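# Reading the structure
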Amino acid sequence: MRYPLRCHSLVSLFLLKAVFIYHPASSDPCTNYQELNQARRSAAAQVGSGGNLLCDNTLSKAWYRFISYVGGEIPTTCVEPYHCGTQVPIWMNGTLPTDSTVVNRTVCPNYGVPGNCCPFPWNIQVKRCVDTQGVFYVYELVPPTSCSQAYCAGTLPLCPDGEVYDQNDDTCRETRHPAPCNFEAIGTCEWRQLITDDIDWATQTACESKAPNLPPVDSTLGIHGGHFLSVGSDARLQPFDTARIVSPVIVPSVSGSCNMTLHYYLSKQDAGSLNVFTRLYNTGVERTAWYSNETTVNWEKAAVVFMEREAFEVIIQGVVGHGEDAVLAIDDVSFSWDCVREVDGSVRLVDGARFDEGRVEIYYNHRWGTICNIGWTQTSADVVCAQLGYRKSVWTDTRYPAPDATPILLDDVTCDSTNKSKITECRTKPWENWSPLCNHVRDVSVRCVGEWHQCRHSAFVCSNEACLPSSAQCDFSDDCGDGSDESDCGSFPWRCDFQAGLCNWVQRKDDGSDWTRARAGSETWVPPADHNGNTDGFFMYILGASQTNALLELPYYFASSGSNCSLLFYYFMDMNNASLTVHVETKADRKIVWNQNVSQGQAWQRQIVALEENSLFQVSFEGIVHRSSSGSIAIDDVTLTPGCLTGNPVSPPAGLPSGAIIAIAVSITIVVMGVIIASILAIKFKTAKHHRKPSPGVQT
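Since this is a predicted model, take the numbers as computed values, not measurements. (Residues numbered from 1 in each chain as written. Predicted model: local features only at pLDDT ≥ 70, side-chain atom pairs only at ≥ 80, totals over all residues. Heavy atoms only, no water.)

## Overview of helix 2 (residues 378-387)
Burial runs high along helix 2: 8 of the 10 residues are buried. For helix 2, the full list of buried residues reads Ser380, Ala381, Asp382, Val383, Val384, Cys385, Ala386 and Gln387. Contacts made by the buried residues of helix 2 are with strand 9 (171-174), strand 20 (347-350), strand 21 (357-364), strand 23 (392-397) and strand 25 (445-449). (Buried < 20%, exposed > 50% of the residue type's maximum accessible area, 1.4 Å probe, protein only. Helix = DSSP H or I, 4+ residues; strand = E, 2+ residues; numbered from the N terminus. Contact = heavy atoms within 4.5 Å.)

Structure representation (C-alpha cells):
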C-alpha cells in the first residue's frame, strides 16, 4: 500500500520558508561537517510497502557530507516520489560547483504534481572539497518543514543489509570484517598465497623444525609447538626471492582509519625485509603501507594504518636477504573494526577480553547498537560468527553489557538455520522496536571459533577455500591464487585471449582500418605487457597515428537470460582524442551500451558491461581515433558470461523477439522433419508395392 501524498497547505508551507544568508564560519566546512550515512537516500531506492520513511525535518541547519556507498552527491535531475527512502524526495535544481567557492543552489521537493517537479523550492549552499582521496561535496542543508521529506544522495542501487554496491563488478559486495589469523589452524585462514612471486610462506611449528634461527616460540601462545609463517632458512633460496600472501577484499570505513596489527620476527642482520602493501581492488594499484628490515630479538608488534577509502586487499611480502640461514616470520594478524564499511546490518564484537569475543553490536541509521537476548539462541550466535568470518560460536551470553547511552536496535532475533549468511536475514522485530523487558543487562555477547569464513551462497569458492565474488570466475585472472577460478570455464561462451588468433571475432569491412593482433611491446606506443603482465602475451590494438575507426565483431547472435548476461574484457587506453565503444546490434537498431573516452594511462582496466536486450543481438568493439595523437587503444581477454545464450550467425527476421524466433525455428524444423518422414514412407511404400508377390490366379 502506498502512503497518500500529504499536500495540505502547501502554499502556506512555502510562505513559511525562511530566507537563509550565508555567514562565513570560523572553520572550513570541508573539515567541519556532519555525516549522513543512509544508503536508502539513493535516487535508485524505491520505498517498499510498509517501509520506514526518512524524514529530514529533524535535521539542524548545518553543513553535511553524504558518505554512503550509493554516492555522495544530491541528484541534479528530478527524482520521482517514493524514492530516496521517503515519500517526497528532495533533489537539487542546479549544477555542482567546479571550484572551492561556496555557492547557492535551489532544492526541490517532488510532491508528484503533474508537470511540476519543483513546486515549492528553497535554497541551500554547496561547497566543493578536495582531500587525499579526491573530490567530495558538502551541503549546508535546511530542514524541510514537514514529513515525510528527505534529501536524496547518490544514484547507485541499494543492496541488502550488510552489503555495498561494487561499481567495478556491477554487483553487491559483502562488507564483512576480515577475520584475525594466528595460523594455529590448518592453512592460512583467509589469506592466500600469490603465485606471481618466487616462493610461498611456509607454516612452521616452533622448536619442531631443524632449521636454524627460527623463533623458539610462537607469538600467539608463547610456547613450543605454536605455529607461525616464515620465509628463509632454505639452501635453495636466493637473495631477493619474494613470498607474498594477500588478504580478502576489505571495504573500509569512510569515517575512521582501518588498521592492521601483526607480529613479526627478523632473525639476524641481513635477514631481508618485510613489506605491507595495499592493492586497490578495482584498479590493482599497489601502495606501500609499512616496511621493516630491522633485526628483532623477540617477536615485535607493528600497527599499520591504511588510508584507503575504497575496496582494497592487503599484501604481506617477505624478501629474502643476504644473511646465511636468515629467517623472516609473521604471526597474529588482525584488523581494527574500522576495516568494515558502516552500512545497515554490519556487525562487530566490542569490549571482549579477546579479539574473537565480545558484545554483538549492529549498525543501523548512523548508529552502532546492541541486540536484546529475548529469543536469542546458539543458532543465532552461529549466524553472527559466520557473518564475522568464523565457523561457529563457542558460547553466547550477556557478559559484556553496553554503556547506557548505547541504543538497543534489535530484539526477538530468531535464526532457525545456520544457512543464513547475515543476522538481518533471520526473523526479528522491526529496527528499534524492542520489548520493555530489554535493557543492557540483556545485551547479547558471543565468542566465535574457527578462522575460516563460510562463503556466501552467491560466492565462488576456490579450491583453497578463499571466497570470491562470482564475477571473478573465468575472468582470465588467477584471483584465487591456485588457478581454480579459471579451471572450469566451459559455460562461458566465446572466450578469447588472442594468443592463437582472433578466435571467432572478425574484422568489419565497413570501417576505416583493422585492429592489429600483436605481441606486447611489438612497436612504439603498444602496451608493454598484456593484462596479466606477460611480456610475450598477445592482444588487439589500434594506434593513434591517424584519424580512423576500427570495428571488431562477434558474428553470432545471442539471447540474454536477463541480468546474468554480460560482456567481460580488459582494455588499455593511454590516448587522448579517442574512444572505445561496445555496441549491441539487433535487426532493428544498433546502439552503444558502453563508452570510454578518457585516457586511463599506462594501465589495463577490467570492465563488465551488462547486456540486457530483449531481442537477439550481436556484440562489437569500436575503437575511434578522433584526432591523430600518440598512444594506443587495446583490448584483451574477452568473454561472455553464462547468461548469454549462444545463437548462430544466421540473421534473424527484423523486429521479432527471441521467443518468437525460437518458436518459428522449432515450427520450421517440425515441418521439414515431417516432409522428410513422409518422403521416406512414400519411397518404402513404392518399393514394397513393386516387390509384392502376385496372388494365385492373377496375371502379372
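## Some thoughts on the side chain of Gln125
Mapped onto the elements of the fold, Gln125 is located in strand 5 (residues 122-131). Taking the relative accessible area as the measure of exposure, Gln125 reaches 7% and is therefore buried.

## Thoughts on the nonpolar core
Within the largest apolar cluster, 35 residues are counted, with the highest numbers of intra-cluster contacts made by Met260, Ile316 and Phe335. Examining the composition of this core, we find that 5 residues originate from one element, strand 14 (residues 258-266), more than from any other. In this structure Phe335 touches His177, Pro178, Trp191, Ser247, Ile250, Cys258, Asn259, Met260, Phe306, Val314 and Phe355, once residues within four positions along its chain are discounted. By size, the runner-up hydrophobic cluster in this structure holds 33 residues, among which are Ala550, Leu552, Met573 and Val625. (Core = buried A, V, L, I, M, F, W, Y, C linked by side-chain atoms within 4.5 Å.)

## Quick look at the environment of Ser566
Of note, Ser566 is situated in strand 32 (residues 566-573). By relative accessible area, Ser566 is classed as buried at 9%. Between the C-alpha atom of Ser566 and that of Gly643, which follows or precedes it by 77 residues, the distance is 7.3 Å. Apart from the residues lying within four places of it in its own chain, the contact partners of Ser566 are Ile608, Val609, Ala610, Leu611, Thr639, Leu640, Thr641 and Cys644.

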